[in-house]
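Here is how the chains run, residue by residue.
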Amino acid sequence: MAREIPDLQAAVRTGTGKGAARQARREGYVPGIVYGDGKEPSPINLNYNYLLKRLRQGRFLQTLFNLKIEGGEEVHVICRGVQRDVVKDLPTHVDFMRIHDESRINLFIHVNFDNAAASPGIKRGGTLTVVRAEVELEVLAGDIPDHITVDLTGRQIGDVIHIEDVALPAGAKPTINRNFVIAKIDAPTGLVASEDE
């Protein structure tokens, strides 16, 4: 269920501060920083178009990357923030955190709903109302799940699906210590109106 670790190419940025960051942006790079793991922060530059392509693929903040710095180290990182231009909504700075495969981190994981055709409630015209399309889980950095799956087989109208009803991947646990709702199957509006009459 875990994804393979994609590579992310970067170059070392000489200099820090506002002037060096502006110079990097003029040259077609997005400045960034890699911090954590008890080491000194490392300023980096990422190719603007390369980063924009990765951001548009989705789930950038939920992906563990193998950051390859030209002429330097190769580390596992996770993105902790992308600053964007307030008008153009394009990236202006990126923050990465170094992590080990054994580190536990909190991430929002996408929820997939399977077997809707096997749900009697949906067959009768019920509507699946998704309360949480993503769930925050504490996971191992080396084993980040791509998604969690909710099986709708046998679900009736009026059923509520809680986090404890879902089989979570090994090593993952919710960050909220209560049995919160992920989705529910609502009655169709025609059925509700006829019951009211």
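Conventions used here
- Residues numbered from 1 in each chain as written.
- Predicted model: local features only at pLDDT ≥ 70, side-chain atom pairs only at ≥ 80, totals over all residues.
- Heavy atoms only, no water.
- UniProt positions renumbered as here; feature names shortened; annotations may be inferred.
- Helix = DSSP H or I, 4+ residues; strand = E, 2+ residues; numbered from the N terminus.
- Buried < 20%, exposed > 50% of the residue type's maximum accessible area, 1.4 Å probe, protein only.
- Lys, Arg positive; Asp, Glu negative; His and termini not counted.
- Salt bridge = Lys/Arg side-chain N within 4 Å of Asp/Glu carboxyl O.
- Polar contact = N/O pair within 3.5 Å; in protein donor to acceptor, adjacent residues only side chain to side chain.
- Contact = heavy atoms within 4.5 Å.
- Phe/Tyr/Trp six-rings, centres within 6.5 Å; stacked < 30°, edge-to-face > 60°.

- As recorded in an unreviewed UniProt entry, the chain goes by the name Large ribosomal subunit protein bL25, listed as coming from Paragemmobacter straminiformis.
- Quoted verbatim from the Function (unreviewed entry) field of the UniProt record, the comment on the chain reads "This is one of the proteins that binds to the 5S RNA in the ribosome where it forms part of the central protuberance."
- Of the chain, the UniProt comment under Sequence similarities (unreviewed entry) reads exactly: "Belongs to the bacterial ribosomal protein bL25 family. CTC subfamily."

### Side note on the side chain of Arg-13
And then number 1: Considering the arrangement of structural elements, one finds Arg-13 in the loop between β1 (7–12) and α1 (18–26).
And then number 2: Put simply, Arg-13 is tucked away with no salt bridge, and the nearest opposite charge, on Asp-95, sits 7.7 Å away.
And then number 3: In this structure the side chain of Arg-13 is engaged in a polar contact, spanning 2.8 Å, whose partner is the backbone oxygen of Gly-32.
And then number 4: In this structure, Arg-13 is in contact with Ala-20, Ala-21, Ala-24, Pro-31, Gly-32, Pro-43, Ile-44, Asn-45 and His-93, ignoring residues within four places of it in sequence.

### What to know about the packing of aromatic side chains
And then number 1: Under the counting rule described, the total for this entry stands at two aromatic pairs.
And then number 2: The interplanar angle of 45° and the centroid separation of 5.0 Å between the aromatic rings of Phe-60 and Phe-65 together place this pair among those described as tilted.
And then number 3: On the accessibility criterion, Phe-65 (2% relative accessible area) is buried.
And then number 4: Centre to centre, the rings of Phe-60 and Phe-96 are 6.3 Å apart; their planes meet at 65°, and the pair counts as edge-to-face. Taken together, the positions of Phe-60 in the loop between α2 (48–57) and β4 (64–69) and Phe-96 in strand β6 (residues 91–98) put the pair 36 residues apart, joining distant regions of the chain. A single burial state applies to Phe-60 and to Phe-96, both of which are buried.
And then number 5: Pairwise contacts between aromatic rings join Phe-60, Phe-65 and Phe-96 into one cluster.

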